[in-house]
Amino acid sequence: MKLLRITAEGLPLFKEKLDLCFYAQQRIAEEQKEMLHPLFSNIYLNPANGFIGINASGKTSVLKVILLALGIINNEPINHIETRDILGESQKVVLNTYFFSETMGEICGLETVIASKKSKSEGMIYSIASESLWTKKADEVTTRKAMLDFEGKEPALIRSSQEDFLSEDVSIMIARNKKTKEHICIVNLLRFTNRNVLPFSEDVPSEVITFLDPTIESLHFDEKNKKPLIHLKFKGKDEILLNNPAELNHYLSSGTVKGMITFTLAQEVLQKGGVIVVDEVENHFNKEIVTTLMRFFMDSKLNKNGGMLIFSTHYPELLDEYDRNDSIFITRNRDGITVENLSHILKRNDIKKSDAYQSGFLEGTTPMYEAYMRLKKSVAAALA
């Protein structure tokens, strides 16, 4: 399955309907096709999608919605999805998730209406009030604009009260996925934004280690008496034995540990054609490491299976890695979060994106001047 689009209405933190497209919407030049993943006909997937905005603009909240939608079409119980807190106490959230089924050669649209109730013992409990799935064959699609239009079509699957076996918080996608044997590999790195402990005990590829820290000669995981044993060796030094992955933080930089996590799991996503979601991608990384990760996903020779990187960032310089505008999203928070695709603001791809962002041309992308002046006066008064 390949994620095409997500829309959401009724989310408490958002000012208006959220609408995120992950396929190429602008005209595609021949040389740009090497950076995109072909789905069918003239439909291409954007393999690296970035959300950029100032602090507290809502970037993490948007990533949580994406992970929620991905979890639902992967038939995960909503009450088990880590990012379900984005639903808050909303009485009704309408989530539309559009995806391409490679197995069936179909475009699918899933509408999930989520309700909530408060429990004294368990907090907020979420359930699916209603749900419908529409499908159409890819060869029915004549234009990008009409691709996700299911008007006049009868749903292929409707949630029924007769489905007593179906848990209240599990999508009807469970029946379809069982039939088609489809599943999306989802890697959620939100928990590693500020906490870097290796979540696995398999060996990290030596090429990843050397790229991140050339002073490391080897890092090997072993087991003794059913307990983990970590062998760490720096060049010209004696081997260090550790019993807990957390102890690596005493010897390796945060960037090295985060890089091992990110690049190892990114490789898995590239192999399986899944989705990896990274919040504040530049955290603990220098620019070259981040751009390397982006380029891996935008290289069609490496990314043959259409793996997708979705990330948030504060780095406007990263925008200049893109030749296109339609895989960049600007987040703002002015009495509620809004998200706007850059292609709707900048119609030309040849304008330097970082300059447009930093200049304030895009509005809401630089700290307010008034707030800056108040802060400056406050600091001056404290130092007086």
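Residues numbered from 1 in each chain as written. Predicted model: local features only at pLDDT ≥ 70, side-chain atom pairs only at ≥ 80, totals over all residues. Heavy atoms only, no water.

A. Main features of the overall build of the protein. Secondary structure assignment for the protein yields seven helices and 17 strands. What you see for the protein is a C-alpha radius of gyration of 23 Å, in line with the 21 Å of a compact globule of 384 residues. Principal axes of the C-alpha set define a box for the protein whose edges measure 70 × 60 × 55 Å. Each of the 384 residues in the protein was classed as buried or not, and the buried ones make up 53%. Taken as a whole, the protein presents about 19,200 Å² of accessible surface, with 49% of it coming from carbon and sulfur. Looking at charge distribution, the protein has the averaged site of its 47 positive side-chain charges lying 2 Å from that of its 52 negative ones. (Helix = DSSP H or I, 4+ residues; strand = E, 2+ residues; numbered from the N terminus. Rg over C-alpha atoms; globule rule 2.2 N^0.38 Å. Buried < 20%, exposed > 50% of the residue type's maximum accessible area, 1.4 Å probe, protein only. Areas by Shrake-Rupley, 256 points an atom, 1.4 Å probe, with all protein chains shown as cover. Lys, Arg positive; Asp, Glu negative; His and termini not counted. Charge placed at Lys NZ, Arg CZ, Asp CG, Glu CD.)

B. The nonpolar core, seen in detail. Among the nonpolar cores identified, the biggest contains 62 residues, and L4, I66 and I107 are the most heavily contacted of them. Broken down by element, this core gets its largest block of residues, ten residues, from helix α1 (residues 59–73). Listed in part, the 48 residues of the second largest apolar core include V187, L248, M260 and L270. (Core = buried A, V, L, I, M, F, W, Y, C linked by side-chain atoms within 4.5 Å.)

C. Quick look at helix α2 (residues 173–180). Of all the positions in α2, only M173, R176, N177 and T180 are classed as buried. Take α2 and look down its axis: the buried residues cluster within an arc of 95°, on one side only. Set apart from the buried face of α2 by more than 90 degrees, the exposed residues are K178 and K179. Check the buried side of α2 and you find it contacts α1, β6 (93–101), β7 (106–119) and β8 (123–137). (Arc of directions from axis to C-beta. Contact = heavy atoms within 4.5 Å.)

D. Expanded view of empty space enclosed by the protein. Inspection of the entire model under this criterion finds two cavities of 30 Å³ or more. Put simply, the largest cavity is a space of about 70 Å³. In this structure, the largest cavity is lined by M35, L36, N46, P47, A48, M298, Y322, D323, R324 and S327. Taken as a whole, the second largest cavity holds about 40 Å³ of empty space. Around the second largest cavity, the lining residues are M1, K2, L3, L45, I184, G273, G274, V275, G306 and M308. (1 Å grid on protein atoms, 1.4 Å probe; cavity = no way out; pocket = protein on both sides within 12 Å on 5 of 7 lines; lining within 4 Å. Points joined across faces, edges and corners; volume = space filled by probe spheres on them.)

E. Representation of the packing of helix α4 (residues 254–272) against helix α5 (residues 287–297). Interhelical geometry of α4 versus α5 gives an angle of 10° and a closest axis separation of 11 Å. Between α4 and α5, the angle falls in the class roughly parallel. Each of T262, F263, A266, V269 and L270 in α4 lies in contact with α5, whose residues at this interface are I289, T292, L293, F296 and F297. In terms of residue class, the contact of α4 with α5 is built from eight nonpolar, two polar and no charged. (Axes fitted to C-alpha atoms, helices over the stretch in contact; angles between N-to-C directions. Parallel < 35°, antiparallel > 145°, perpendicular 65-115°, else oblique. Nonpolar A, V, L, I, M, F, W, Y, C, P; charged D, E, K, R; others polar.)

F. Molecular detail of the pairing of strand β3 (residues 37–40). Alignment of β3 against strand β4 (residues 43–45), held across three bridges, turns out to be antiparallel. What sits directly across from H37, in β4, is L45. (Pairing = 2+ DSSP bridges.)

G. Spatial organisation of the pattern of salt bridges. Under the criterion given, the structure shown has 15 salt bridges. For E288, the salt bridge is made with R295, and the minimal N-O distance between the two is 3.4 Å. Overall, the relative accessible area of 38% leaves R295 in the partly exposed class. Close ionic contact of R295 with E321 constitutes a salt bridge, the shortest N to O distance being 3.0 Å. Here R295, found in helix α5, pairs with E321, found in the loop between β15 (308–313) and β16 (328–333); they are 26 residues apart in sequence, far enough to count as distant. Taken together, the salt bridges that share partners define one network made up of E106, K137 and R176. (Salt bridge = Lys/Arg side-chain N within 4 Å of Asp/Glu carboxyl O.)

H. Main features of the environment of N243. On the secondary structure map, N243 appears in the loop between β13 (240–242) and α4. Filtering out sequence-adjacent residues up to four positions away, N243 remains in contact with P228 and L229.

I. Spatial organisation of unusual backbone geometry. Located in the positive-phi region is A56, a residue other than glycine, with phi close to 65°. When its relative accessible area of 67% is taken as the criterion, A56 is described as exposed. The phi angle at E280 is positive, at roughly 45°, despite the residue not being glycine. With respect to the helices, strands and loops of the structure, E280 is situated in the loop between β14 (275–278) and α5. For E280, a relative accessible area of 23% corresponds to the partly exposed category.

J. Spotlight on α4. With 19 residues, α4 should cover 27 Å at 1.5 Å per step; its first-to-last C-alpha distance of 27 Å lies within 8% of that length. The buried fraction of α4 amounts to 14 of the 19 residues, a majority that puts the element mostly inside the structure. Of the residues trailing α4, G273 is marked for its positive phi of about 75°. (Expected span 1.5 Å × (residues − 1).)

K. Layout of the environment of G273. Along the polypeptide, G273 turns up in the loop between α4 and β14. In the structure, G273 is positioned 32 residues away from N305 in sequence and 4.6 Å away in space, judged by C-alpha atoms. What G273 contacts, discounting residues up to four positions off in sequence, is K2, N305, G306 and G307.

L. Structural detail: the packing of aromatic side chains. Under the definition given, this model contains six aromatic pairs. For the pair F211 and F263, a centre-to-centre distance of 5.7 Å together with 70° between the ring planes defines the contact as edge-to-face. Here F211 is found in helix α3 (residues 206–212), whereas its partner F263 is found in helix α4, with 52 residues between them in sequence. F263 gets classed as buried once you look at its relative accessible area, which sits at 7%. Ring geometry for F263 versus F296: centroids 6.1 Å apart, planes at 85°, classification edge-to-face. (Phe/Tyr/Trp six-rings, centres within 6.5 Å; stacked < 30°, edge-to-face > 60°.)

Shape is all these values report; function is a separate question.
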